[in-house]
Amino acid sequence: DAAVEVRGICKKYNDVEALRMIDLDFPRGKLTTLLGPSGCGKTTLLKIIAGLIEPTSGEVRVNGRPVTGPGPERAFVFQDFALMPWATVMRNVAFGLELRGMGKAERQSIARKYIAEVGLAGFEDKYPHELSGGMRQRVGLARAFAVNADVLLLDEPFSAVDEQNRRKFQEDLLRLVEKERKTFIFVTHSIEEAVYVSDRIVLLSRRPGRVSQIIEPKIDRTAS
Ligand code: ADP
Ligand code: ADP
């Protein structure tokens, strides 16, 4: 069964038609990548699924329920939803758990685990401005993982990570996908990255974005 169902989604920004009639199912426990040229509506579609922007028409259902705004079963990493600059790495990662009313000791122990998962053990008390761009992106990932949402929406989460480290983070992500059995929807404009991390790739056409093809890459990751 699909964790996320997208039905007849259209989006217009004034006279810019960003998406036209998108119908997609995102299977549970799989990583699906949205791939397509810049401006084809990848971020728009991801934000509609996140409940951050409203479609012009159509409907998104998550676990069978219509999306009307953000919800605890979905976590997301977007470039423009940055870390809280006044809060430490620990506080940033634990924030979603704090919102859910979890006690301090429990949320800090969960946050600590995910900070270590993204390779930042020892950086718990640092502030965002003390970290590199790539490290800040990984704090965002840890924050998204920590809330234990069913569906993770990731918009170019490795764009600030340098070439040498990117493969390591892609492998960290794959490990989390396998271990946690979550539904991932990932946006990238890198074909190489899409082929490496995805169970399914949804190719979107140039604006207005439409689904042009769905590919299931078969990659032997042990060979590279
Ligand atoms: P992608 O993520 O594939 O690069 P976007 O979803 O960011 O594409 O944008 C799709 C189209 O919608 C682009 O032409 C973009 O300029 C336009 N667009 C995105 N956000 C807005 C906005 N807030 N107002 C007007 N146009 C927008
Ligand atoms: P960016 O691509 O923004 O430079 P990276 O995540 O690739 O970000 O990290 C850049 C630098 O930050 C590295 O060269 C390293 O010095 C430091 N760094 C990153 N992760 C760690 C870590 N886990 N421990 C210590 N230093 C780190």
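Residues numbered from 1 in each chain as written. Chains lettered and ligands numbered in written order. Predicted model: local features only at pLDDT ≥ 70, side-chain atom pairs only at ≥ 80, totals over all residues. Heavy atoms only, no water.

The name given to the protein chain in an unreviewed UniProt entry is Nitrate ABC transporter ATP-binding protein, with the source organism recorded as Microvirga aerophila. In its Sequence similarities (unreviewed entry) section, the UniProt record describing the protein chain reads: "Belongs to the ABC transporter superfamily." (UniProt positions renumbered as here; feature names shortened; annotations may be inferred.)

Time to look at the overall build of the protein chain. Per the secondary structure count, the protein chain includes six helices and ten strands. Over its C-alpha trace the protein chain gives a radius of gyration of 17 Å, about what one expects of a compact globule, namely 17 Å for 224 residues. Scored against the burial criterion, the 224 residues of the protein chain give a buried share of 49%. Considering only intrachain contacts with a sequence separation of at least 6, the fraction spanning at least 24 residues in the protein chain is 65%. If you average the places of the 34 positive and of the 30 negative side-chain charges in the protein chain, the two averages end up 2 Å apart. (Helix = DSSP H or I, 4+ residues; strand = E, 2+ residues; numbered from the N terminus. Rg over C-alpha atoms; globule rule 2.2 N^0.38 Å. Buried < 20%, exposed > 50% of the residue type's maximum accessible area, 1.4 Å probe, protein only. Contact = heavy atoms within 4.5 Å. Lys, Arg positive; Asp, Glu negative; His and termini not counted. Charge placed at Lys NZ, Arg CZ, Asp CG, Glu CD.)

Here the focus is the nonpolar core. Looking at soluble globular proteins, one finds that nonpolar side chains tend to be buried together. Within the largest apolar cluster, 37 residues are counted, with the highest numbers of intra-cluster contacts made by Val93, Phe145, Leu173 and Phe184. Every element with two or more residues in this core is listed here: strand E6 (74-77), helix H2 (89-99), helix H3 (104-117), helix H4 (133-146), strand E7 (151-155), helix H5 (163-180), strand E8 (183-188) and helix H6 (191-197). With seven residues, the single largest contributor to this core is H4. Excluding residues that lie within four positions of it along the chain, Phe184 makes contacts with Lys30, Leu31, Thr32, Phe145, Leu152, Leu154, Leu173 and Val177. Formed by 25 residues, the second largest nonpolar core is a distinct cluster that contains Leu24, Cys40, Ile48 and Leu204. (Core = buried A, V, L, I, M, F, W, Y, C linked by side-chain atoms within 4.5 Å.)

The subject of this paragraph is unusual backbone geometry. Cis rather than trans, the peptide bond between Arg207 and Pro208 has omega equal to -5 degrees. In this structure, Pro208 sits in the loop between strand E9 (200-204) and strand E10 (211-215). Positive phi, close to 60 degrees, is recorded for Asn148, a residue that is not glycine. Mapping Asn148 onto the fold places it in the loop between H4 and E7.

Following the sequence through the fold, Phe145 ends up in helix H4. If sequence neighbours within four positions are ignored, Phe145 has contacts with Tyr114, Leu152, Leu173, Leu176 and Phe184.

Here the focus is the site of ligand 1. Around ligand 1, the structure places Tyr13, Val16, Ala18, Pro37, Ser38, Gly39, Cys40, Gly41, Lys42, Thr43, Thr44 and Arg207. A distance of 2.8 Å separates an oxygen atom of ligand 1 from a polar atom in the backbone of Gly39. With the chains in place, 61% of the 560 Å² that ligand 1 exposes on its own is no longer accessible. Of all the secondary structure elements, the ones that give two or more residues to the shell around ligand 1 are strand E2 (16-27) and helix H1 (42-50). With three residues, the single largest contributor to the shell around ligand 1 is H1. In the shell around ligand 1, the residues fall into five nonpolar, five polar and two charged. (Near = heavy atom within 4 Å. Polar contact = N/O pair within 3.5 Å; in protein donor to acceptor, adjacent residues only side chain to side chain. Areas by Shrake-Rupley, 256 points an atom, 1.4 Å probe, with all protein chains shown as cover. Nonpolar A, V, L, I, M, F, W, Y, C, P; charged D, E, K, R; others polar.)

This brings us to the packing of aromatic side chains. Within this structure, the stated rule accounts for four aromatic pairs. When the ring of Phe145 is compared with that of Phe184, the centres are 6.0 Å apart and the planes differ by 50 degrees; the resulting orientation is tilted. Here Phe184 lies in strand E8 and Phe145 lies in helix H4, a separation of 39 residues in the sequence. Given the relative accessible area of 6%, Phe145 is considered buried. With a centroid separation of 6.0 Å and an interplanar angle of 45 degrees, the aromatic rings of Phe158 and Phe186 are classed as tilted. You can see Phe158 sitting in the loop between E7 and H5 and its partner Phe186 sitting in strand E8, a full 28 residues away along the chain. For the pair Phe158 and Phe186, one class covers both residues: buried. Ring-pair connections join several aromatic residues into one group, and the members of that group are Phe158, Phe169 and Phe186. Cation over ring: Lys11 sits above Tyr13, and NZ or CZ is 5.2 Å from the ring centre. (Phe/Tyr/Trp six-rings, centres within 6.5 Å; stacked < 30°, edge-to-face > 60°. Lys NZ or Arg CZ within 6 Å of the ring centre and 35° of its normal.)

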